Every structure is written in structure tokens, then in C-alpha cells.
Amino acid sequence: MGAVVVVGAQWGDEGKGKVVDIYARFADQVVRYAGGANAGHTLVVEGEQLIFHLMPSGALHQDTRCVLAQGTVVDPKVLIDEIQTLDARGLFAQERFLISERAFLVLPQHTLVDELRDRQAGALGTTKRGIGPAYEDKVARRGLRIGDLLSREKFERKLRANLDAWAPVVAALGGELPDVAQTVERYVKYGETLAPMIGNAADAVRRSLKQGERVLMEGAQGALLDIDSGTYPFVTSSSTVAGGACVGAGIGPTSISSVVGISKAYATRVGNGPFPTEMEGDAGDALREAGAEFGATTGRPRRCGWLDLPALRFAAQVSSFSGLALTKIDVLTGMKELQLCTGYELDGKRLDTPPYDDLDRVTPVYETMPGWDEPVSGCRRVEDLPENARAYITRIEEEIECPVWLVSVGPDREQTIVVREPFG
Ligand code: IMP
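Thresholds, definitions, all that
Residues numbered from 1 in each chain as written. Predicted model: local features only at pLDDT ≥ 70, side-chain atom pairs only at ≥ 80, totals over all residues. Heavy atoms only, no water. Pairing = 2+ DSSP bridges. Helix = DSSP H or I, 4+ residues; strand = E, 2+ residues; numbered from the N terminus. Disulfide = S-S within 2.5 Å. Patch = residues over 30% accessible without salt bridge, like charges linked within 9 Å, V, L, I, M, F, W, Y side chains within 5 Å. Areas by Shrake-Rupley, 256 points an atom, 1.4 Å probe, with all protein chains shown as cover. Salt bridge = Lys/Arg side-chain N within 4 Å of Asp/Glu carboxyl O. Lys, Arg positive; Asp, Glu negative; His and termini not counted. Charge placed at Lys NZ, Arg CZ, Asp CG, Glu CD. Buried < 20%, exposed > 50% of the residue type's maximum accessible area, 1.4 Å probe, protein only. Polar contact = N/O pair within 3.5 Å; in protein donor to acceptor, adjacent residues only side chain to side chain. Contact = heavy atoms within 4.5 Å. Phe/Tyr/Trp six-rings, centres within 6.5 Å; stacked < 30°, edge-to-face > 60°. Lys NZ or Arg CZ within 6 Å of the ring centre and 35° of its normal. Near = heavy atom within 4 Å. Core = buried A, V, L, I, M, F, W, Y, C linked by side-chain atoms within 4.5 Å. Domains from an automatic or database assignment. Buried area = accessible area lost by both parts, 1.4 Å probe. Axes fitted to C-alpha atoms, helices over the stretch in contact; angles between N-to-C directions. Parallel < 35°, antiparallel > 145°, perpendicular 65-115°, else oblique. Left-handed = near helix turned anticlockwise from the far one by under 90°. Nonpolar A, V, L, I, M, F, W, Y, C, P; charged D, E, K, R; others polar.

What exactly am I supposed to notice about the sheet that holds strand E10 (residues 215–218) here?
Within a sheet, adjacent strands bond to each other through the backbone by hydrogen bonds, running parallel or antiparallel. Strand order in this open sheet of 10 strands is E9-E7-E5-E2-E10-E1-E11-E15-E19-E20, and the pairing throughout is mixed. Since the sheet does not close on itself, it has two edges, and those belong to strand E9 (198–199) and strand E20 (416–418), each with one partner. In this structure, strand E2 (residues 29–32) lies alongside E10, joined through four bridges in parallel fashion. Looking at the pairing, Gln-29 lines up with Val-215 of E10.

If you want it as C-alpha cells, here you go:
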């Protein structure tokens, strides 16, 4: 059996945490393969809301092993806080967690530069978690990795060289570089805490696959925030698409058996950048309230809009979706009519997928569908859903040429319709 990859199909915040949590029940291993503490996965467990940024969502399942793979960028402080959150609930066991020695570190200079840059005109509106600068260091071949935490001498040497590289940038932004001695002290301590969990994660994933175990690859953010395929430059700095699971975990493409894309039944975006189906004014506010659309990491209100099928179709193509998980369909209950964006018009031409640039200039082409009033949160089979909700789902399947494998009808684990299990 190959790995199942779960990826966001929009601009992040699609409800991946809940879907991964459900699939993780069947998984032996859950692997977080990209991004860092910019992600925010909200899990509701027996009425309690837990937000994780780095911890793979499988963390709540006692029989599931969790891996933070080499494609991630790790802020050790955030990770240790999450470990403590789990520990306080009796949910943490060291032997279930593995952190790749190759994963890159998020350092104080990264968060500093991210914050300072985001105050400037025309900023991206990042999560200010140091993600962009950390990945910049990785690509510039001067980054520090998790394994470096285990040697004070190596860590300090690399840190000094790294700070030299950031010094002119920080000075130009009017900031002050972090203190070397303090940073070394803090990070070496983090290293001591994490040491028993640091190792060759890629090898563990490959062994697991070889033994026929069920491996779930957990994506972060969404396809439209992907560094290569997203709405550049308003993207994150990692590979958020399914292909990212290979490089991010250290496995080959033939090890993947299926890909599940996750999309809300409408669209949201946090941060700046084009969003063709955005609803302005009262309609957008109403959707934000109904869906409780506020960022899990930053608390920022999310921009809300109608479902954008050209963007979803593109996400399905880029990641070769086997199935779609459609979340938050309950939020649409009570709307008289629904608008479904099936294409765009740009300079007199019809487009089925987003252009490489100029997404801010497209005009969405909408199809109107009737809404439904019946509550859906109690539905456990597709047949139980109101007829108009079923028609809405069918229309999405037709337009993006991908079957729906899961429908989420409420925030709780139980409020889910599983049409098909990705692990078979
Ligand atoms: P960064 O990843 O913090 O550099 O932010 C770059 C862009 O990605 C910004 O528009 C963020 O709002 C967005 N972003 C990053 N992570 C997430 C996420 O987990 N959900 C939604 N948007 C995100």
C-alpha cells in the first residue's frame, strides 16, 4: 500500500486538520511534509478546541506515529509548547514522535525580518512566523537544521555565519540582530529537550511504506499558496501541492497511492493577494460570521467568497486529486441562492483555470444554484442531505472532474459523511 497525501485545494484553512484527524484513525504514521508554524490546525475533541501549528494532526491518536519531515521549517519553541499541551492531556509519548534532522530551523532573525518586512508598503500579509526568511536561508544554502541543535559548537558557528548574512538586511529594515550568546543558550536547550525525537525521518517513512503500513502525508496551506503553482508573489515559500510530499518527506512519486484535496464549500483567503470571488460588504461579513472565519494562527478575519471552480480545478490538476473532501457545507445552509464560479473572463477570453498573473483582473463567471434551509449537521450519508445540497456537490464533481470522498457537515469528528476511505 502506498502513501495517501492530503492537501489543501484553496488558500489554506480548508479544514485539513479535521480531515487528517479522521483519516489518521486508519494510519500507522502521519507525516507533516512542508511549511511551519504558519499553519494552524484546529481540532475539536470532545468539545475542547485545540490549535496546533507544527504537530502533525495524527498526534491525538495514541496508535499513530507522527513525523515532522525534512521539508518543514521548525520553530522549536512552538513545537515544545505543543508537546507540552499534548503532555498535559496525557496524549504525548516520546516514542511516537520523530523530527527530521534535515528539517530547517526557524531562528529569531527569521521572525524578526518577517515582521519588519510585513510592516512595509505592499507587504504580503504573512503570518509573521519567519517562514519566508527560513526558506530563503535554505535555498541560499546557509540555513541551520534541526540536527545542528545537537552540537553547541556547530550551532554557534553556523549561527554566526548566518547572522552575518542577515546583518545588512536587518539594518536596512531598522531592526537589531538577536544576541548570539542568548540565542545559542536557548536553542541548545531546545535541542536537549527534542534530542530523543530527532533522527532520520525519511528513512522511517520509507521503512514504514516498505512494510505496507498506512502512511498519511499531511500537507499545509493550500495549492493556491504554493511557491510554484500559487498566486505568486502572494504565496507561502514552500511546496504545498501533492508533489511537495515527495521532496518534503524523502520518498519517490511511485510511493503515493492517492491524493485527497480538501476544499471548503465556499472560499476564504487570509493575507493579501487576488481573490476573484470575494464577497464584499454585508454578504461577506455574514459568511465570515456563519463560518467563524478567523485565522487559527493570527486571529485575522478571513476574506470570504463563493466557491471558485477554476481555482479548484487547477488545484485538482496540479496535485492529481483522486478524491475531494468538501468541508463546511453546513455553513451554506439558509442561503437562498448560491453562486458557483465556473470560469473567468479576461480581456474577452474565457479561462478555465487561473492565469499565471493578472488574477486580480479576471471577471468571475457565475452559475446560480438554489440553496437549502434544512440543517445538514445530522446527516451521515450523502442520501440524507437536502436535494439542493446534493445537486451542489454533483455540480462541483462534474466541473473539476473529481469525485467527492468526504463531506464535512459540522466541526466535530462525528459530523462527517465518509463516501470513500482513501486507505481502501
Ligand atoms: P507565510 O507563509 O507566513 O509567509 O505567509 C504567506 C501567505 O500565506 C500569507 O498570505 C498568509 O496569510 C498565507 N498563509 C500561510 N499559512 C497559511 C495557513 O495555514 N492558512 C492560510 N493562509 C496561510
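From this point, things continue past the structure.
Any chance you could explain the state of the cysteines here in plain terms?
Simply put, disulfide is the name for a covalent bond between the sulfur atoms of two cysteines. The tally for this structure, following the rule as stated, stands at zero disulfides. Not part of a disulfide, Cys-402 finds its nearest cysteine sulfur in Cys-341, a span of 18 Å.

Please clarify how a positive patch on the surface should be interpreted in this entry.
Residues Arg-102, Arg-145, Lys-154 and Arg-206 make up a contiguous surface patch of positive charge. Structurally, Arg-145 is set in the loop between helix H4 (131–139) and helix H5 (152–172). Residue Arg-145 is classed as partly exposed on the basis of its relative accessible area of 31%.

In this structure, what is going on with the pattern of salt bridges? I would like to understand it.
Pairing is possible between side chains that carry opposite charge, provided their charged atoms lie close to one another. Under the defined criterion, the tally for this structure stands at 27 salt bridges. Close ionic contact of Lys-158 with Asp-148 constitutes a salt bridge, the shortest N to O distance being 3.3 Å. Highlighted residues: Lys-158 in helix H5 and Asp-148 in the loop between H4 and H5, separated in sequence by 10 residues. Looking at Lys-158, the relative accessible area reads 27%, which means it is partly exposed. Across the pair Arg-152 and Glu-185 runs a salt bridge, and its minimum N-O distance is 2.8 Å. Here Arg-152 is found in helix H5, whereas its partner Glu-185 is found in helix H6 (residues 180–194), with 33 residues between them in sequence. Residue Arg-152 is classed as partly exposed on the basis of its relative accessible area, which comes to 41%.

For this particular structure, what's the right way to read the side chain of Gln-10?
Along the chain, the position of Gln-10 falls in the loop between strand E1 (3–8) and helix H1 (16–24). Side chain to side chain, Gln-10 and Ser-263 meet in a polar contact 3.3 Å long. Ignoring any residue separated from it by four or fewer positions in sequence, one finds Gln-10 in contact with Gly-222, Ala-223, Leu-224, Leu-225, Ile-262, Ser-263, Lys-264, Tyr-266, Ala-267 and Leu-307.

Explain the packing of aromatic side chains to me, please; I cannot follow it from the model alone.
Given two aromatic rings, their pairing is described by the distance between the two centres and the angle made by the two planes. One pass over the full model with this rule turns up five aromatic pairs. Within the aromatic cluster, the residues linked to one another by ring pairs are Phe-155, Tyr-187 and Tyr-190. Of note, Arg-142 hangs over the ring of Trp-166, and the distance from its end group to the ring centre comes to 5.1 Å.

Where do I start with the site of the ligand in this structure?
Lining the immediate environment of the ligand, one finds 15 residues, of which Asp-13, Asn-38, Thr-127, Thr-236 and Arg-300 sit closest. The separation between an oxygen atom of the ligand and a polar side-chain atom of Asn-38 is 2.9 Å. With respect to the ligand, the backbone of Gly-125 contributes an N or O atom lying 3.5 Å from an oxygen atom. When the ligand is considered free in solution it has 470 Å² of accessible area, and contact with the protein chains removes 97% of it.

Where do I start with the nonpolar core in this structure?
Taken as a class, soluble globular proteins show a tendency for nonpolar side chains to be buried jointly. Of all hydrophobic cores here, the largest spans 56 residues; its most connected members are Met-217, Phe-321, Leu-324, Ile-329, Leu-332, Tyr-392 and Ile-396. Counting residues per element, this core draws most heavily on helix H11 (residues 387–400), which supplies five residues. Residues from two domains meet in this core; each of domain 1 (3–100 + 198–260) and domain 3 (263–418) gives at least three. One finds Ala-37, Val-78, Ile-83 and Phe-155 within the second-largest nonpolar core, a separate group that totals 36 residues.

Explanation requested: the domain arrangement of the protein in the structure shown.
The domain boundaries assigned to the protein delineate domain 1 (3–100 + 198–260), domain 2 (104–193) and domain 3 (263–418). A C-alpha centroid distance of 23 Å is found between domain 1 and domain 2. Interface area lost by domain 1 to domain 2 is led by Val-73, Pro-76 and Ile-198, which between them contribute 30%. At the junction of domain 1 and domain 2, the tally comes to zero salt bridges. Remark: the boundary between domain 1 and domain 2 carries five residue pairs in polar contact (both at pLDDT 80 or more).

Can you help me understand the pairing of strand E11 (residues 256–264) in this one?
Of all nine residues in E11, seven are buried, a share of seventy percent or more. Bridging between E11 and strand E15 (residues 323–327) involves five bridges; their strand directions are parallel. Looking at the pairing, Ser-263 lines up with Leu-326 of E15.

For this particular structure, what's the right way to read the packing of helix H3 (residues 108–118) against H5?
The description of two helices packed together rests on the angle between their axes and the distance between the axes. Axis separation between H3 and H5 bottoms out at 11 Å; the angle between their running directions is 10°. Compared by their axis directions, H3 and H5 come out roughly parallel. Crossing handedness for the pair H3 and H5: left-handed. Contacts between H3 and H5 involve Gln-109, His-110, Leu-112, Val-113 and Arg-117 from the first element and Leu-159, Asn-162, Leu-163, Trp-166, Val-169 and Val-170 from the second. Across the contact of H3 with H5, the residue classes break down as seven nonpolar, three polar and one charged.

What is the right way to read the pairing of E10 from this model?
Successive residues of a regular strand alternate their side chains across the two faces of the sheet. What you see with E10 is no split at all: Val-215 and Met-217 on one side and Leu-216 and Glu-218 on the other are buried throughout. Pairing geometry for E1 and E10, over three bridges, is parallel. Looking at the pairing, Val-6 lines up with Glu-218 of E10.

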